[in-house]
Amino acid sequence: MFQPSKLSAALCGLFLSLSAHAGKLSIVIDDFGYRPKEENKVLQMPTAISIAVLPNAPHAREMATKAHQGGREVLIHLPMAPLSKQPLEKDTLTPEMSSTEIERIIREASGKVPYAVGLNNHMGSKMTSSLPGMQKVMQVLNHYNYYFLDSMTIGNSQSIPAAQGTNVKVLKRRVFLDDSQDEASIRIQFTRAVKLAQRDGYAIAIGHPHPTTVRVLQQMLPTLPADITLVRPSQLLNEPLHQGTTPPPSKTQPPRFRAPGVCKPNKPLAPVPQSHAVELISESIVQSPLVQSIKQLF
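Residues numbered from 1 in each chain as written. Predicted model: local features only at pLDDT ≥ 70, side-chain atom pairs only at ≥ 80, totals over all residues. Heavy atoms only, no water.

Colleague: Help me out: how do you make sense of the packing of helix H4 (residues 99–112) against helix H6 (residues 131–141) in this one?
Modeller: Two packed helices can be described by the angle between their axes and the distance between those axes. It is the contact of H4 with H6, at a shortest axis distance of 9 Å, that shows an interaxial angle of 50 degrees. One way to sum up the angle between H4 and H6 is to call them oblique. Remark: the crossing between H4 and H6 carries right-handed chirality. For the pair H4 and H6, the contacting residues are Ser99, Ile102, Glu103 and Ile106 in the first and Gly133, Lys136, Val137, Val140 and Leu141 in the second. Here the residues of the contact of H4 with H6 are counted per class, giving five nonpolar, two polar and two charged. (Axes fitted to C-alpha atoms, helices over the stretch in contact; angles between N-to-C directions. Helix = DSSP H or I, 4+ residues; strand = E, 2+ residues; numbered from the N terminus. Parallel < 35°, antiparallel > 145°, perpendicular 65-115°, else oblique. Left-handed = near helix turned anticlockwise from the far one by under 90°. Contact = heavy atoms within 4.5 Å. Nonpolar A, V, L, I, M, F, W, Y, C, P; charged D, E, K, R; others polar.)

Structure follows, in structure tokens:
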């Protein structure tokens, strides 16, 4: 006889199985420390949204402290030299700097941005594409127990090879939310970040405290799909790193798979009763490793 309790247990197990494979989305808002009005609106959003603070910003310490007190993850948003010719901000890291100078800048930035657990680059296409320069950065970060979130302002960033031989873990940005400050464009990028998280298991998106970005986040965060979980960057440190490129095809082609012919039964198959189908699904879920693990816990 069909038992509603069995169906309930089956659906519960199915829900738990799906939850275990939910996509993880991490959102980091850069350039904190200059716009308290907009930044305070960000601090009213879910605490999984993290902030990256410019160390020389006038409100750097205030906003880092406020974010931390609200249970939010804080990063140092450290200026690094770009390839484009433009005036450099104070204490911008360049590939030519000595290890001593880089250590001084990171040490002082750590004092200006309390409670930081990671560091990401502000600009930095010239610096992050320099292996010797990034090796010096990683050797310094190794003493601070910071992770490095690569903003990926250039495709050939050397952050990963530079971190080899250190304990520094590297994460990579997948989506910039607001290269354009047009609301429609930001919505498209937000949706893209969600789809990447659903497809690949996780994604990191970076935005800025522009009024348009804040407005889009206020509108779209409550509508996140049920299979997407907001997480802090540090919760992704053990995830497989996305390189952002498609691997080249193998030189040796695997043998082609040929589908077998259609197997036709001699006699029509008897219909499966609904109650029996539910019992089979229930039994399959109950016997799954996930449910067995849950049983052991309780």
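Next comes the rest of the account.
Colleague: I keep staring at the pairing of strand S4 (residues 116–123) and nothing clicks. Help me out?
Modeller: In the case of a regular strand, side chains alternate between the two sheet surfaces. With six of eight residues buried, S4 lies mostly within the body of the structure. Sheet topology note: the strand S3 (residues 74–80)/S4 ladder contains seven bridges and is parallel. Its bridge partner lying in S4, Leu78 is registered against Asn121. Once you follow S3 into H4 and on to S4, the crossover reads as right-handed. Relative to strand S5 (residues 147–150), S4 runs parallel, the two sharing three bridges. Residue pairing in the sheet places Asn120 in a bridge with Leu149 of S5. (Buried < 20%, exposed > 50% of the residue type's maximum accessible area, 1.4 Å probe, protein only. Pairing = 2+ DSSP bridges. Right-handed = clockwise from strand over helix to strand, strands pointing away.)

Colleague: What is the right way to read the packing of aromatic side chains from this model?
Modeller: Geometry of an aromatic ring pair is reported as the spacing of the ring centres plus the angle between the planes. One pass over the structure, following the stated rule, counts one aromatic pair. Sitting over the face of the ring of Phe176, Arg173 holds its NZ or CZ atom 3.9 Å from the ring centroid. (Phe/Tyr/Trp six-rings, centres within 6.5 Å; stacked < 30°, edge-to-face > 60°. Lys NZ or Arg CZ within 6 Å of the ring centre and 35° of its normal.)

Colleague: Whenever I open this one, the packing of helix H8 (residues 183–200) against helix H9 (residues 211–220) confuses me. Can you help?
Modeller: With their axes 10 Å apart at the nearest point, H8 and H9 run at an angle of 50 degrees to one another. By the criterion of interaxial angle, the relationship of H8 to H9 is oblique. For the crossing formed where H8 meets H9, the hand is right-handed. Where H8 abuts H9, its residues Glu183, Ile186, Arg187, Phe190 and Thr191 lie against Thr212, Thr213, Arg215, Val216, Leu217, Gln219 and Met220. Classifying every residue of the contact of H8 with H9 gives five nonpolar, four polar and three charged.

Colleague: Sorry, what's going on with helix H3 (residues 60–69) here?
Modeller: Residues that lie three or four places apart on an α-helix share one face, since the helix turns once every 3.6 residues. Taken together, the buried positions of H3 are occupied by Ala60, Met63, Ala64, Thr65 and Ala67. In this fold, the buried residues of H3 make contact with strand S1 (23–32), helix H2 (36–42), strand S2 (50–53), S3 and H4. Within two residues after H3, Gly71 carries a phi angle of roughly 85 degrees, on the positive side.

Colleague: Help me out: how do you make sense of the nonpolar core in this one?
Modeller: The tendency in soluble globular proteins is for nonpolar side chains to be buried side by side. In this structure, Leu25 and Ile27 are the most contacted members of the largest nonpolar core, which totals 60 residues. Sort the elements by how many residues they give to this core and H8 lands first, with six residues. In this structure Leu25 touches Ala193, Val194, Ala197, Ala203, Leu224, Ile228, Thr229, Leu230 and Val231, once residues within four positions along its chain are discounted. Counting residues in hydrophobic clusters, the runner-up holds twelve residues, among them Ala52, Tyr147, Ile204 and Leu236. (Core = buried A, V, L, I, M, F, W, Y, C linked by side-chain atoms within 4.5 Å.)

This is a description of form; function is not addressed.
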